[in-house]
Amino acid sequence: MNEQWWQRAVVYQIYPKSFQDSTGNGIGDIPGITSRLPYLAKLGIDVIWLSPVYQSPMDDNGYDISDYRAIWPGFGTMDDFDEMLETAHSLGIKIVMDLVVNHSSDEHEWFRQSRSSRENPYRDYYYWRDAVDGHAPSNMGGVFGGSIWEWDEPTQQYYLHCFSVKQPDLNWENPRVRDEVFNMMDWWLAKGVDGFRMDVIGMIAKDLSFPSGEPGPTGYAPLYPLIQDERVHPYLQEMRQRVLSKYDTMTVGEVGGATVETAKKYANLDGSELSMVFQFEHVGLTGSPERGKWVTDKPRLVDLKRVFDHWEQGLDGVAWNSLYWDNHDQPRAVSRWANDSAQWRETSAKMLATCLHLMQGTPYIYQGEELGMTNYPWQDMSLINDLEAHDAYRMLTQDCGCSDEEAMAAMREICRDNARTPMQWDAGPQAGFSKSSETWLPVNPNYAEINAAAQVEDPKSVFAHYQGLIALRHQSDLVVHGHFRLLEPESEELFVYERELDGQRMLVVCNFTDHEVAWQVPQEYAGAELVDAACNYEDAPVAGKVRPYEAFALLA
Ligand code: TEU
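Now for a description of the structure that goes with this document. Predicted model, so just to flag it, every value in this text is computed and none were measured. (Residues numbered from 1 in each chain as written. Predicted model: local features only at pLDDT ≥ 70, side-chain atom pairs only at ≥ 80, totals over all residues. Heavy atoms only, no water.)

### Observations regarding the side chain of Gln360
Phase 1 of the analysis: Following the sequence through the fold, Gln360 ends up in the loop between helix H10 (345-357) and strand E13 (362-366).
Phase 2 of the analysis: Within the local environment of Gln360, its side chain forms a polar contact with the side chain of Asp316, the two groups lying 3.0 Å apart.
Phase 3 of the analysis: When residues no more than four places from it in sequence are discounted, the contact partners of Gln360 are Glu312, Asp316, Trp320, Asn321, Leu323, Val479, Val480, His481, Gly482 and Arg499. (Helix = DSSP H or I, 4+ residues; strand = E, 2+ residues; numbered from the N terminus. Polar contact = N/O pair within 3.5 Å; in protein donor to acceptor, adjacent residues only side chain to side chain. Contact = heavy atoms within 4.5 Å.)

Structure (structure tokens):
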């Protein structure tokens, strides 16, 4: 077995604005992260995925980069970065950077040059098109609402932006753009970073005919037909040959429309492109054509299991999975997938962890998930910062006829700022996140009950449960490489699966409901050993039933 280090690793995502403020301005920063590295070492994670810390006007919290080789001053200096990297490495933690190269900021020097005249050598770094009959070249709408085209008065052309107007799309067809990106990646890798999480990398190749489509309620057509996913592979192979092959990296591509078939190319174990991809099937199980993701329904367990089963079986031995419940674009795991009530929060957060961490693939923990942090009780839009949420609120109330209350219910369920409120370190002011009471997003009012200080030394905490699962993965070939088999696919209540490797088998049983479910462990597991790290009840499982939100595993 030719194992790559990232197959046994557990990744922890840091959203820098919300992790730890060291200066007292209410915004997290790099020295703050460095000061918390011992906490992550204690948790036992192997890799940090650092959301963007580059120079940025912060239209989209750093996913709009104006200088790829500089640090946003609000986060600190390049010296602070180097110190963080060195300290992380000394603790055995690797750092993977966010690579945002589908688009840059409109304040990037490339775009300033590009928009300055049609003859400028940087013009073709971006997509510029003439008006058609006095209108935009196509009627597609962007991810954050509005047209994907923005009219630029001085040079009398439109430029393409799939996200905000301040995020113009880079033209990957232009070899000079690829040179710039690859050189920049090389620069960071030579500095010692350990890889990249690649933002919307599946979107870098477009249908250059820029088609129009059937408009939806917002007046714009859906964006996805613009994306030519299959043409991304040659670019990634070029990236592998020219840059990544020189280093021992972990790479994970964010690929919205990934299917098992396309992931076999992106994340093939032959190492020709990336280590793995983030697929979106499980986080996209709810939603509607009118309201997009802004609905309050919960995903059905049978659907969730079908998706995981499909990915686990589909990639086994061919490509590699990533495993996640949440990230900075998703609501909090325990609120979305389980039960964040005071009664069940801890038990169900642990159940989710067991369910995910014992599958085949590299698990990702989003900051605060290891504490069971929850969604925020948003009452109105005034405290919400995220540009996507503000566009969605307008869309819901103006185009879809929702009341304010309906729109806010969707915000409480789905909006990205649920994940972005400050990390809850202790029961002190601002949860120990900042000395300033003016934090950039509000601290969740439940911080006195949910915080790191209350959990790190408590062997029964959610934190300790994650610690146990991480340690288990590190020492278990079965957890890393075992084949996955779904049991009870039709159960609306239980998520049951098996892992198998060289005759050894593990049964994983998770109850996704707040009630007891009658169920018999299969005969083959009579007398099997209980896997302590997987269990979330103090006493042993009870024969014939699975208790509310119970998780356990047996080894035979
Ligand atoms: O997100 C890509 C993306 O299309 C979605 O996840 C999107 O943010 C939204 O949630 C869809 O409803 C990546 C980053 O993760 C995100 O934070 C950025 O805003 C976006 O790209 C643009 O860079």
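### Let's talk about the sheet that holds strand E20 (residues 551-555)
Phase 1 of the analysis: Spatially, E14-E15-E16-E20-E18 is the arrangement adopted by the 5 strands of the open sheet, whose pairing is antiparallel. If you trace the sheet from one side to the other, it starts and ends with strand E14 (483-487) and strand E18 (529-530), each paired once.
Phase 2 of the analysis: As judged from the 8 bridges shared by strand E15 (residues 494-501) and strand E16 (residues 504-511), these two strands associate in the antiparallel manner. Within E16, the position partnered with Tyr497 by the bridge is Val508.
Phase 3 of the analysis: Across the face of the sheet, helix H8 (residues 301-315) comes into contact with E14 and E15 while running at roughly 155° to E14. (Pairing = 2+ DSSP bridges. Axes fitted to C-alpha atoms, helices over the stretch in contact; angles between N-to-C directions.)

### Comments concerning the site of the ligand
Phase 1 of the analysis: Near the ligand lie 17 residues; those nearest to it are Asp60, Asp199, Asp329, Glu388 and Arg416.
Phase 2 of the analysis: Residue Asp329 places a side-chain N or O atom 2.5 Å away from an oxygen atom belonging to the ligand.
Phase 3 of the analysis: In this structure, an oxygen atom belonging to the ligand sits 2.6 Å away from a side-chain N or O atom of Arg416.
Phase 4 of the analysis: Surface burial for the ligand is 89%, taken as the share of its 480 Å² of free accessible area covered by protein chains.
Phase 5 of the analysis: Tallied by class, residues from the shell around the ligand come to 5 nonpolar, 3 polar and 9 charged. (Near = heavy atom within 4 Å. Areas by Shrake-Rupley, 256 points an atom, 1.4 Å probe, with all protein chains shown as cover. Nonpolar A, V, L, I, M, F, W, Y, C, P; charged D, E, K, R; others polar.)

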